[in-house]
Amino acid sequence: MAHNVTLIPGDSVGRELAPMTQRVIAAAGVDVDWDVVEAGTNPFGQSGDPLPPEVFDSIARTGVALKGELKTPQGSGYESPNVRLRKRLDLFATVRPIKVQPGLPGRYDKVDVVVVREATEDVYAGIEHVVVPGVVQSIKVTTKKASDRIIRFAFEYARAHGRKKVTLVHKANIMKKADGLFLACGNAIAGEYADVAYESIIADNACMQLVRDPSRYDVLVTQNLFGDLLGDLGAGLVGGMSNVWGELRNEGGTAVFEAIHGIADALVGTGRANPLPYLRPATALLRHLGEASAADRVDAAIAAAVTAGHKTPDIGGVSTTTEMVDAIIRHLD
Ligand code: IPM
Ligand code: MG
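These numbers come from a predicted model, not from an experiment. Numbers given to residues run from 1 along each chain, matching the order in which its sequence is written. Whichever chain is written first is A, and whichever ligand is written first is 1; the rest continue in order. Local features are withheld for residues below a pLDDT of 70 in this predicted model, meaning they are given only at 70 or higher, and side-chain atom pairs are given and counted only at 80 or more; totals for whole chains, interfaces and linings count all residues. Based on all heavy atoms of the structure, the side-chain values leave hydrogens and waters out of the count.

J.: How would you summarise the pairing of strand β7 (residues 135–138) if you had to cite specific residues and measurements?
T.: In terms of strand pairing, strand β6 (residues 128–132) meets β7 through four bridges, oriented antiparallel. Across the sheet, residue Val 132 finds its bridge partner in β7, namely Val 135. For two strands to be treated as a pair, DSSP must find no fewer than two bridges joining them. Elements are defined by DSSP. Helices are runs of H or I of four residues or more, strands are runs of E of two residues or more, and each kind is numbered from the N terminus. Where β6 folds back on β7, the antiparallel hairpin that results is connected by two residues, among which Gly 134 adopts a positive phi of roughly 95°.

What follows is the structure, encoded as structure tokens:
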């Protein structure tokens, strides 16, 4: 039976990479009935809404989506549709695995850290106002409910994946109330998980320690903004956007697999966009669908193709997107 999956191609090169990803999944022998729904600048241009109702209708039907990155206006304009989707579907838990992948060198040979990021509140609440001209406030929202929920998720994730330690990242020395609450929630919940080690660390120090020796960390749990920063800091440790993806979950079991990079307008139409930022969440999607052996085969095919030199220019090769994807498909057997 075919799996029903929502596909949100995304903006920019996402439009070109989505069909390539569909090809790879089909070649891996997984039957997916894709419900393709547009979000981002296209529907915004047509209807004024970058996240039209069809997107929510589709995900309500399928319960699972693969999503390209959606453009986020800077400084003004509409709220990031990426963020709005997370909030509207209460996709509170973002998991961002930070792992060196075969064939693509990172800064370290062995890194295996998971960033668990709260995705519904913090400064992403989007509450800002001008007090008087020249003075603005941006409100950081922290609730006990959301903090408890993400911290429990991190501990449960650690247990389920045989991980040994949860490190809570905060800035409670400065945001004594907001981050203080988050830290207090962590300190209390840690007591319920005697089998998982627990520690906390101040965010700036966490950045330095992660760069110096990522092997000291296992699962990091953070609020929204630090999770965003640590996710990309981690990506930089393991070879960049080719090796990372995001997995979003809510309490109802809805899962969204996100390409977390994909706005590369200079590459649109050149046929040279790197397909990996889209293929990584796709293999995570396959695992979610119970197609672990197909996911393993795609991962192995990517490693083999990349090792054989089939790479787009951004990762040191000369291949076009199509050549690289063709090579991956050839290596699937
Ligand atoms: C991410 C992105 C988004 C975020 C942007 C595009 C709104 O950086 O998914 O990490 O800040 O969460
Ligand atoms: Mg980010």
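J.: Summarise the sheet that holds strand β5 (residues 112–118); cite the residues concerned and give the values.
T.: In spatial order, the strands read β2-β1-β3-β12-β11-β4-β5-β10-β8-β9; together these 10 strands make up an open sheet with mixed pairing. Each edge of the open sheet carries a strand with a single partner, namely β2 (32–36) and β9 (197–202). When the angles between neighbouring strand axes are averaged without regard to direction, this sheet yields 25°. Two elements, strand β8 (residues 165–170) and β9, share six bridges in a ladder whose sense is parallel. Considered in β9, the bridge of Thr 167 is made with Glu 199. Lying over the sheet, helix α1 (residues 14–27) contacts β1 (3–8), β2 and β3 (64–67), oriented at roughly 170° with respect to β2. When checking whether two residues touch, look at their non-hydrogen atoms; a contact exists if any pair is within 4.5 Å. A fitted line through C-alpha atoms serves as each axis, taken over the contacting stretch for helices, and the angle formed by two N-to-C directions is quoted from 0 to 180°. Along the sheet, helix α6 (residues 178–190) makes contact with β8, β9 and β10 (219–222), crossing β8 at roughly 165°.

J.: An account of the packing of aromatic side chains is requested, with residue identities and associated values reported.
T.: Ring pairs are drawn from Phe, Tyr and Trp, using the six-membered ring of Trp, whenever the two centres fall within 6.5 Å, and their geometry is named by plane angle: stacked under 30 degrees, edge-to-face over 60, tilted for the rest. All told, the structure shown has five aromatic pairs when counted by the stated rule. Their ring planes at 55° and their centres at 4.6 Å tell us that Phe 44 and Tyr 78 sit as a pair that is tilted. Here Phe 44 is found in helix α2 (residues 41–47), whereas its partner Tyr 78 is found in the loop between β3 and α4 (81–88), with 34 residues between them in sequence. Ring centres of Phe 155 and Tyr 193 lie 4.8 Å apart, and the angle between their planes is 15°; this geometry places the pair in the stacked category. Remark: Tyr 193 occurs in the loop between α6 and β9 and Phe 155 occurs in helix α5 (residues 144–160); sequence separation between them is 38 residues. Its relative accessible area of 0% is what places Phe 155 among the buried residues. Burial status follows relative accessibility: with a 1.4 Å probe on protein chains alone, a residue under 20% of its type maximum counts as buried, one over 50% as exposed, and anything between as partly exposed. Classification of Tyr 193 as buried rests on a relative accessible area of 4%. Three or more aromatic residues joined by ring pairs form one cluster here, namely Phe 92, Phe 153 and Tyr 157. A ring is scored as having a charge over it whenever the NZ atom of a lysine or the CZ atom of an arginine sits within 6 Å of its centre and within 35 degrees of its normal. Looking at Arg 88, its charged tip hangs above the ring of Phe 56, at a distance of 3.9 Å from the centre. Over the face of the ring belonging to Phe 226 we find Lys 140, whose NZ or CZ atom lies 5.4 Å from the ring centre.

What is shown is where atoms sit, not what they do.
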